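Residues per chain are reported as follows:
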Protein chains: 2
Amino acid sequence: MLNVTLLGSGGGMPMPDRFLSSLLIKFASRKILIDCGEGTQVAMRKYKSGFKSLDIICLTHDHGDHIFGLPGLLSTIGNSGRTDPITIMGPVGIKRIIEGMMVAIPFLPFDLDIVECTGSSFSIHMVSQKLRVKKTYLETNDNKVNDNNYYNIADNNISTNDTDNTSLVLSILELDHSSPCLGYSFYLPRRPKFNPEKALEAKIPVKYWSRLQKGQVVMDNKRTYHPSMVRGKERKGIKLSYIVDTRPTADIPDFIHESDLFICEGTYGDSDDMKKAIKNKHMTFAESAQLASLGKTKELWLTHFSPAMDKPEQYMDNARQIFVKTVLGYDGLSKSLQFPES
Amino acid sequence: MLNVTLLGSGGGMPMPDRFLSSLLIKFASRKILIDCGEGTQVAMRKYKSGFKSLDIICLTHDHGDHIFGLPGLLSTIGNSGRTDPITIMGPVGIKRIIEGMMVAIPFLPFDLDIVECTGSSFSIHMVSQKLRVKKTYLETNDNKVNDNNYYNIADNNISTNDTDNTSLVLSILELDHSSPCLGYSFYLPRRPKFNPEKALEAKIPVKYWSRLQKGQVVMDNKRTYHPSMVRGKERKGIKLSYIVDTRPTADIPDFIHESDLFICEGTYGDSDDMKKAIKNKHMTFAESAQLASLGKTKELWLTHFSPAMDKPEQYMDNARQIFVKTVLGYDGLSKSLQFPES
């Protein structure tokens, strides 16, 4: 399960009644944050998110409304007693910016592991009860694909199977903004359903069924047993995508394809503001809805509203005429994304 | 007149219902800000302060709860269309910290004039309808003192008289905190009352009275006329002092002497927390009240409350038993400091 909370829904400047866009993802009792504008720590406190269990911060880009809350948040996390490292991901160049801002914090009781994303695929794993990011390489080995072990982790200490649903696939897309900007997509794979008929037919000893269904390869003195021997057909997992601060790009529909939840900027509600959107490298509600539709997503949340837009709700028809399942984001909007019963 | 607004009253961390301590001073239609923690720009917006006319930012020290709002505020001021430079004052070492934080702002449409305060006396003048800071040197010349021209400004373009009540004396005091920290005091001098009997007795032509009363020295082909020839006895001006993040020091009572308003940290309300106060280099309500009393101030505002202190009001007796005119600071508390009628 992924639990998501939109900590803020504003763009550009923090406002008294609207925090800056950022998203908190709760996963397996740990947390991932996307973007950290000024006031994000206040929003986290308001929505009772807690600080100590935040393991990963994904930054879309280096503009102030997405990063100026970082020094304060990290200081507060430091005061929470955390000593485990925090991974910060962002586009190339982000390390220099973060290190500059950190000059005002002479000491943090934990390390920062800053990853400038040059590849497009990563995975997130539970290691010692903390979430860790690893760069991944797509496998072409069919068996591995069948076993749902899509990724080969560089660190051998990390289990590659999804035995306890504590691994996420993290994909990254370069966007089209006035500064290098990344879109993020999280995929929580789901095990294929257990198929006892198949297991019986292949004469798999019952004592191995559970381990095989959990994705482990089992060997005894007779045979090697693969998970595919007890598993039925593949099942779709949960997909969450987050795209802000960009013009629409041709790659976005594929990137967000079949997302259960697509969170997307809607800086301008009025479609007549498209010229402004083009100039400032943002999107209108209608453009975001068009992407949601092309990507066959299940639900769209609009966020990152221009501070000049007092009442974004008055423009919702511009989105809903194109994509019915559009929700107007607001500070504190929250949802649990769960596997459907099947 | 000085109009002051406490933008926030919290210390340590910004909270959903309490912004971080900072003070906005409106003076002659321009603005001076003391401290700028995360969220200060939001508080300024909430209390409708406006951004463009902010000329001077005084930072007490480099701790995050006093400076992390700076990059966001400066960006927002940049968006307001300001092109005139902004002066930032702070203790020695602040320049490196500010420049580090500024790495995330590749362009500001105005210059930052960062002053690391090595002296103790400055003056603030209206130059081209903006407030500017100048380092000052105390004069010993009696005539000048009598003429109320206490300061000799290095820049000859700046008028040294108080003809239009648009000059302030800014004094600075080194405090006792875990990082170099400054207290600030602002003094708005008041002209002595006009004394027509004295002017008549000294046979001053009536046509010179107004200029002399405004502080100008007038010469004609007969005599040189000094302001003291038409002015009565000296009158006290308006004094505002701001002291946060320190233990009590022996210098503070003199520094805040006879302040009309003394704004002071009260990190801990409970006098039993004095051990914590000593360890963390802060003060209890009782200690702040003792300073207010020793300094013969007219009114004390407590601020910079520990985030662990839910209800600071329950400790107010600890201060009021020592200094009756203690006010519990709160976000948005505002007051106009005016010359008394006399």
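Just so we're clear, the structure is a prediction, and the values are computed from it rather than from any experiment. (Residues numbered from 1 in each chain as written. Chains lettered and ligands numbered in written order. Predicted model: local features only at pLDDT ≥ 70, side-chain atom pairs only at ≥ 80, totals over all residues.)

S.K.: How should the overall build of chain A be read in this particular structure?
M.R.: What chain A contains, in helices and strands, is eleven helices and 17 strands. Taken over C-alpha atoms, the radius of gyration comes to 21 Å for chain A, in line with the 20 Å a tight globule of 342 residues would show. Projected onto its principal axes, the C-alpha coordinates of chain A cover approximately 70 × 50 × 35 Å. Out of the 342 residues in chain A, the part that is buried amounts to 49%. Contacts in chain A between residues at least 24 apart in sequence constitute 67% of all its contacts with a sequence separation of at least 6. (Helix = DSSP H or I, 4+ residues; strand = E, 2+ residues; numbered from the N terminus. Rg over C-alpha atoms; globule rule 2.2 N^0.38 Å. Buried ≥ 20, exposed ≤ 12 C-beta atoms within 10 Å, placed from the backbone. Contact = placed C-beta atoms within 7 Å.)

S.K.: I tried to follow the interface of chain B and chain A on my own but got confused; where do I start?
M.R.: Across the contact, 26 residues belong to chain B and 26 residues belong to chain A. Secondary structure elements with two or more residues in the side of chain B that touches chain A: α1 (40-46), α2 (64-67), α3 (70-79) and α4 (94-101) of chain B.

S.K.: Teacher, can you tell me more about the relation of the copies chain B and chain A here?
M.R.: A rotation about some axis, followed by a shift along it, carries one copy of the chain onto the other. Once chain B has been moved 0.1 Å along the axis and rotated by 180°, it coincides with chain A to within an RMSD of 0.1 Å. The symmetry that links the two subunits is that of a two-fold axis. A share of 100% of interface residues in chain B that are also interface residues in chain A marks the association as one of identical surfaces. (Least-squares fit on C-alpha atoms with pLDDT ≥ 70 in both.)

S.K.: Just to check I follow, could you spell out the pairing of strand β11 (residues 182-190) of chain B for this structure?
M.R.: Regular strands place their side chains on alternate faces of the sheet. Residue and element names in this part refer to chain B. The buried fraction of β11 amounts to eight of the nine residues, a majority that puts the element mostly inside the structure. Two strands pair when backbone bridges link them, and strand β10 (residues 167-174) and β11 are joined in this way by six bridges, in the antiparallel orientation. Residue pairing for β11: Leu173 is matched across the bridge by Gly183. As defined by bridge partners, β11 adjoins strand β14 (residues 235-243) across six bridges and the pair is classed as antiparallel. From the neighbouring strand, Leu188 faces β14, where its bridge partner is Ile238. (Pairing = 2+ DSSP bridges.)

S.K.: Would you mind going over helix α4 (residues 94-101) of chain A with me for this structure?
M.R.: One full turn of an α-helix is made of 3.6 residues, so residues set three or four places apart face in the same direction. Residues Ile94, Ile97, Ile98 and Met101 of chain A constitute the buried set of α4 of chain A. Projected down its long axis, α4 of chain A shows its buried positions confined to an angular sector of 95°, all on one face. On its buried face, α4 of chain A is in contact with α2 (64-67), α3 (70-79), β5 (86-90) and β6 (112-116) of chain A together with α4 of chain B. (Arc of directions from axis to C-beta.)

S.K.: How do you make sense of helix α10 (residues 285-294) of chain B when you look at a structure like this?
M.R.: Of all the ten residues making up α10 of chain B, seven are buried; the element is thus mostly covered by neighbouring parts of the structure. Positive backbone phi, at 50°, marks Lys296 of chain B, one or two positions downstream of α10 of chain B.

S.K.: Whenever I open this one, the nonpolar core confuses me. Can you help?
M.R.: Here is a general trend for soluble globular proteins: nonpolar side chains tend to be buried in one another's company. Ranked by size, the top nonpolar core spans 156 residues in total, and within it Leu2, Leu23 and Phe186 of chain A together with Leu2, Leu23 and Phe186 of chain B carry the most contacts. Discounting residues that sit within four places of it in the chain, Leu23 of chain A has contacts with Val4, Leu6, Leu7, Ile34, Tyr242 and Ile263 of chain A. (Core = buried A, V, L, I, M, F, W, Y, C linked by C-beta atoms within 7 Å.)

S.K.: Mind showing me how you'd approach the sheet that holds strand β8 (residues 130-135) of chain A here?
M.R.: All names here are of chain A. Strands sit in the order β8-β7-β9-β10-β13-β14-β15-β16 across an open sheet of eight strands; the sheet is mixed. Here the strands that pair on one side only, and so sit at the sheet edges, are β8 and β16 (326-328). Ignoring which end each strand starts from, the neighbouring axes of this sheet average 25° apart. In terms of strand pairing, strand β15 (residues 300-303) meets β16 through three bridges, oriented parallel. Residue pairing across strands places Leu300 opposite Thr326, the latter belonging to β16. (Axes fitted to C-alpha atoms, helices over the stretch in contact; angles between N-to-C directions.)

S.K.: In this structure, what is going on with the confidence of the model for chain A? I would like to understand it.
M.R.: Any segment with low pLDDT has predicted coordinates that should not be analysed in fine detail. All names here are of chain A. Of the residues in chain A, 91% have a pLDDT of 70 or more, and the chain-wide mean is 90. Throughout residues 138-163 the model reports pLDDT below 50, and contacts reaching past four residues in sequence, or to other chains, amount to 46 contacts. The ipTM assigned to the predicted complex is 0.87, against a pTM of 0.89. (pLDDT = per-residue confidence, 0-100.)

S.K.: Can you help me understand unusual backbone geometry in this one?
M.R.: What you tend to see is this: most non-glycine residues have negative phi, and most peptide bonds are trans. Its identity is not glycine, yet Lys203 of chain A carries a phi of approximately 60°, on the positive side. By secondary structure assignment, the location of Lys203 of chain A is in the loop between α6 (196-201) and α7 (206-213). Although it is not a glycine, Asp245 of chain B adopts a positive phi angle of roughly 60°. Along the chain, the position of Asp245 of chain B falls in the loop between β14 and α8 (252-255).

S.K.: What's the story with the environment of Gly10 of chain A in this structure? I'm lost.
M.R.: Residue and element names in this part refer to chain A. Its place among the elements puts Gly10 in the loop between β1 (2-8) and β2 (22-27). Assessed through the 25 C-beta atoms surrounding it within 10 Å, Gly10 is described here as buried. Note: C-alpha distance between Gly10 and Arg96 (86 residues apart in sequence) is 26 Å. Sequence-distant contacts of Gly10, that is, excluding residues within four places in its chain, are made with Met15, Arg18, Phe19, Leu20, Ser21, Phe305 and Pro307.

S.K.: So what exactly am I meant to see when it comes to the sheet that holds strand β17 (residues 334-337) of chain A here?
M.R.: Through backbone hydrogen bonds, the strands of a sheet pair up, either in parallel or in antiparallel fashion. Residues and elements named next belong to chain A. Reading across from one edge, β6-β5-β4-β3-β2-β1-β17 is the order of the seven strands in this open sheet, with mixed pairing throughout. Single-partner strands in this sheet number two, and they are β6 and β17. Strand-to-strand twist in this sheet, taken as the mean axis angle between neighbours without regard to direction, amounts to 20°. In this structure, strand β4 (residues 54-58) lies alongside β5, joined through three bridges in parallel fashion. From the neighbouring strand, Ile56 faces β5, where its bridge partner is Thr87. Along the sheet, α4 makes contact with β5 and β6, crossing β6 at roughly 150°.

S.K.: Looking at this structure, how should I read the pairing of strand β1 (residues 2-8) of chain B?
M.R.: Residue and element names in this part refer to chain B. Within β1, six of the seven residues are buried, which leaves the element mostly enclosed by the surrounding structure. Here β1 pairs with strand β2 (residues 22-27) via six bridges, running antiparallel. Pairing of Gly8 across the sheet is with Ser22, part of β2. Examined bridge by bridge, β1 and strand β18 (residues 334-337) share four bridges and lie antiparallel to one another. Residue pairing for β18: Asn3 is matched across the bridge by Ser336.

S.K.: Explanation requested: the environment of Ser21 of chain A in the structure shown.
M.R.: Tracing the sequence through the fold places Ser21 of chain A in the loop between β1 and β2. Once residues lying within four places of it in the same chain are set aside, the contact partners of Ser21 of chain A are Gly8, Ser9, Gly10, Gly11, Asp35, Val244, Thr303 and His304 of chain A.

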